Amino acid sequence: MSGRFSTADVASHNKADNLWIIVDEDVYDLTKFQEEHPGGKKILQRVAGKDASKQFWKYHNESILKKFQKQLQVGSLDSKAAPPTPPATPPAKKEKELVKPSAEPGVVAPQPTAAVEEEAEALDPFGDLVPYADPSWYQSYHSPYFNETHAALREEVREWVEEEIMPNVTEWEEAKKVPDKIFKQMGERGYLAGLLGIHPYPAHLTPNGAGVKSVPPEKWDLFHEMLLTDELSRSGSGGLVWNLIGGFGIGCPPLVKFGKKEVVQRVLPEILSGDKRICLAITEPDAGSDVANLTCEAKLSEDGKHYIVNGEKKWITNGIWCEYFTVAVRTGGEGMNGVSVLLIERSMGGVSTRRMDCQGVWSSGTTYITFEDVNVPVENLIGKENQGFKVVMTNFNHERIGIIIQCLRFSRVCYEESMKYAHKRKTFGKRLIDHPVIRLKLAHMARQIEASYNWLENLIYQCQRMGDMEAMLKLGGAIASLKAQSTTTFEFCAREASQIFGGLSYSRGGQGAKVERLYRDVRAYAIPGGSEEIMLDLSIRQALRVHKALGMKL
Ligand code: HEM
């Protein structure tokens, strides 16, 4: 694809059997491709030998060029500037320390220990700079939370997502499967190790012991985790995100934090390398948010060496692909004090999984599981017997924060796609963006996204300072509330984006692909991890309990 051509050269390829076009000063040979072009061959023949940039951008988005470039591009116009040659050694980046805001007087949160009082400096602008389409720290606004290590990770992840993931998401979603090599890359790049909620992340357990390329383990914090999930969510596919981190992100942390050392040492390396998968199995056909009433039973064998597990689990993300299952079971009497958590391994026998067909998140592998007389060694108990509720509850904050990050980025994707489309689509002689009614829709999307995201940053900071236990006690209410806020924001943005895209977001694929897919994914966020109704009620009950303990005066 390295040829250089004049416009006259391209103009000579202007027949159906010799069909070249120009898009943005690059030259494409569509002679063979025209037969399979979803928009038809005649439309291509009409622009044969010509600059078709305007027509191209009217009907397609960026991912199409990325996907077909290798196959169809034969070169560029000789008038196009040659791509810059990269410098032999990239300029060294100056690292700024994380700036930690000091707590207000009277706030119970622990005070920062390191006396880092440097002023928060804005980082270089990054991305397309569409207002509100990225977090404000991407766009040269000041932030107390992000430093150069976050900027480096952002660049690393974005490049990978743009190259390896973006062009293929629609295809994978339709196939209901993401190629295994992508999950494997999550391991190789150290991302799985970074998503455990553990700092420093266990770099020695990543393949080659290398960890994450742009962030050493000791610098890793919850904002890196947040950013990783956020950037993955730019794919505009809940299925893709859940395929890569859905099961792992909620199934692995309880094992690492509460599992027996020998068991963790045995299984963790092959999970963090991306060779084997793990998921969390709590929900049952008859017990969703009502965890305390689950019925999957684990009976201790007479010799006390095994639990014998029988029961069913439903809507389990990634289950069909997993070797390991972090499972909530009943080992004691009724209610929350009879619940334990076990690591069940497929190789133990008696584990069956089948894919469930769902409204959204198609490539996430939603699963129905049956356990029939599974013999689980007692060493595989995670936490203490009958105290599994604590393990489950600690995990909920991590799970819900993941849901919030994804929902807010998906809302941004809906907004960004709408903003870009509104600048090219014309109705009644005007671009959509020139209609006040469309700007109003965008404004309502943006205000909800920004307000929710700013609360999210604050809660991540609180989690970072508090640690799991304190965060579980103090932040459960606020996180539950923000979960409801983010899913309603997502639902609103998906609807408004769909109205702006019209028919293009009703059919699958093409320019409205992300919006159509996200519209279907909304319920997968609003229902699991605690439904909106339960979250909102909990947010008040929990906050009152905490503030009573803090000395609230009514
Ligand atoms: C590099 C050249 C091109 C490639 C690789 C390409 C590829 C595609 C693909 C994959 C689609 C399916 C929809 C989607 O996924 O977006 C499509 C649809 C379409 N294309 Fe192209 N195309 C090219 C050039 C053009 C040009 C130059 C025109 C117009 C002159 C055009 C007009 C259309 C139309 C009208 C549709 C249907 C859009 C819709 O369903 O709303 N394409 N093209």
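Taking an unreviewed UniProt entry as the reference, the protein chain is identified by name as Acyl-CoA dehydrogenase-like protein belonging to Lophiotrema nucula. Comment text from UniProt for the protein chain, heading Sequence similarities (unreviewed entry), reads "Belongs to the acyl-CoA dehydrogenase family." Among the UniProt annotations of the protein chain, the heading Cofactor (unreviewed entry) holds the following wording: "FAD".

Go over the overall build of the protein chain with me, naming the residues and quoting the values.
Counting its regular elements, the protein chain contains 16 helices and 15 strands. Taken against the 2.2 N^0.38 rule, which gives 24 Å for 554 residues, the C-alpha radius of gyration of the protein chain at 26 Å falls within 12% of a compact globule. The buried share of the protein chain, taken over its 554 residues, is 43%. Long-range contacts, defined here as pairs at least 24 residues apart, represent 73% of the contacts in the protein chain between residues at least 6 apart.

Any chance you could break down helix H9 (residues 222-233) for me, citing the residues and the numbers?
Counted at 1.5 Å a residue, the expected span for H9 with its 12 residues is 16 Å, and the 17 Å between its end C-alpha atoms agrees. Among the 12 residues in H9, 11 count as buried, and that is most of the element. Along H9, the residues that are buried comprise Phe223, His224, Glu225, Met226, Leu227, Leu228, Thr229, Asp230, Glu231, Leu232 and Ser233. In this fold, the buried residues of H9 make contact with helix H5 (148-165), helix H8 (191-194), helix H10 (238-258), helix H12 (388-424) and helix H13 (436-466).

Tell me about the packing of H9 against H13, and name the residues and values.
Interhelical geometry of H9 versus H13 gives an angle of 140° and a closest axis separation of 9 Å. Our classification of the angle between H9 and H13 gives oblique. Judged by residue contacts, Leu222, Phe223 and Met226 of H9 engage Ile460, Cys463 and Gln464 from H13. Partitioned by chemical class, the residues of the contact of H9 with H13 number five nonpolar, one polar and no charged.

Let's hear about the packing of H12 against helix H15 (residues 513-526): which residues, and what values?
Following both chains from N to C, one finds H12 and H15 inclined at 155°, their axes separated by 11 Å at the closest point. Relative to H15, H12 is oriented roughly antiparallel. Considering the relative orientation of H12 and H15, their crossing is left-handed. In contact with Ile403, Gln406, Cys407, Phe410, Val413, Cys414 and Glu417 of H12, H15 contributes Lys514, Val515, Leu518 and Tyr525. When its residues are assigned to classes, the contact of H12 with H15 shows eight nonpolar, one polar and two charged.

Explain the site of the ligand to me, and be specific about the residues and the numbers.
In the vicinity of the ligand there are 21 residues, among which Pro38, Gly39, Ala52, Gln55 and Phe68 approach most closely. The set of elements that each furnish at least two residues to the shell around the ligand consists of strand E3 (18-23), helix H2 (42-45), helix H3 (53-59) and helix H4 (62-72). Among the residues making up the shell around the ligand, the classes are represented as 14 nonpolar, seven polar and no charged. Built from parts of two domains, the shell around the ligand gets at least three residues from each of domain 1 (3-77) and domain 4 (400-549).

Tell me about the sheet that holds strand E5 (residues 73-77), and please be specific about residues and values.
Across the sheet, which stays open at both edges, the five strands sit in the order E1-E5-E4-E3-E2 with mixed pairing between neighbours. Two strands bound the open sheet, and with one partner strand each, they are strand E1 (3-5) and strand E2 (14-15). Here E1 pairs with E5 via three bridges, running parallel. Residue pairing in the sheet places Gly3 in a bridge with Gly75 of E5.

Could you give an account of unusual backbone geometry, with specific residues and numbers?
With an omega of -5°, the peptide bond running from His199 to Pro200 counts as cis. Here Tyr132, not a glycine, exhibits a phi torsion of approximately 70°, which is positive. Counting through the fold element by element, Tyr132 comes out in the loop between E5 and H5. We classify Tyr132 as buried; it has 20 C-beta atoms within 10 Å. In this model, Lys176 sits at a positive phi of 60°, which is unusual for a non-glycine residue. The partly exposed category is assigned to Lys176, around which 17 C-beta atoms lie within 10 Å.

Lay out the UniProt feature "domain: Cytochrome b5 heme-binding" (unreviewed entry) in the protein chain with the relevant residues and their values.
Taking the UniProt record as the reference, the feature "domain: Cytochrome b5 heme-binding" (unreviewed entry) is found at residues 2-78. Secondary structure content for residues 2-78 is 35% helix and 26% strand, and the end C-alpha separation is 11 Å.

Now, about the environment of Lys70: what can you tell me, with residues and values included?
Position of Lys70 among the secondary structure elements: in helix H4. A residue is classified by how many C-beta atoms lie within 10 Å of it, and Lys70, with 8 of them, is exposed.

Explain the environment of Leu272 residue by residue, including any values.
Mapped onto the secondary structure, Leu272 falls in helix H11 (residues 261-272). The spacing of Leu272 and Arg541 is 269 residues in sequence and 37 Å in space, taken between C-alpha atoms. Setting aside its immediate chain neighbours within four residues, Leu272 contacts Gly187, Leu192, Ala193, Leu205 and Thr206.

Account for the pairing of strand E8 (residues 306-317), with residues named and values stated.
Bridge analysis of strand E7 (residues 297-300) against E8 gives four bridges, and the strand direction is antiparallel. Bridging across to E8, Lys299 finds its partner in Ile308. The loop that links E7 with its antiparallel partner E8 comprises five residues; one of these, Gly304, has a positive phi angle of about 70°. Pairing of E8 with strand E12 (residues 366-377), which is carried by nine bridges, proceeds in the antiparallel orientation. Paired with Lys313 across the bridge in E12 is Ile369.

Calculation notes
- Residues numbered from 1 in each chain as written.
- Predicted model: local features only at pLDDT ≥ 70, side-chain atom pairs only at ≥ 80, totals over all residues.
- UniProt positions renumbered as here; feature names shortened; annotations may be inferred.
- Helix = DSSP H or I, 4+ residues; strand = E, 2+ residues; numbered from the N terminus.
- Rg over C-alpha atoms; globule rule 2.2 N^0.38 Å.
- Buried ≥ 20, exposed ≤ 12 C-beta atoms within 10 Å, placed from the backbone.
- Contact = placed C-beta atoms within 7 Å.
- Expected span 1.5 Å × (residues − 1).
- Axes fitted to C-alpha atoms, helices over the stretch in contact; angles between N-to-C directions.
- Parallel < 35°, antiparallel > 145°, perpendicular 65-115°, else oblique.
- Nonpolar A, V, L, I, M, F, W, Y, C, P; charged D, E, K, R; others polar.
- Left-handed = near helix turned anticlockwise from the far one by under 90°.
- Near = placed C-beta within 6 Å.
- Domains from an automatic or database assignment.
- Pairing = 2+ DSSP bridges.

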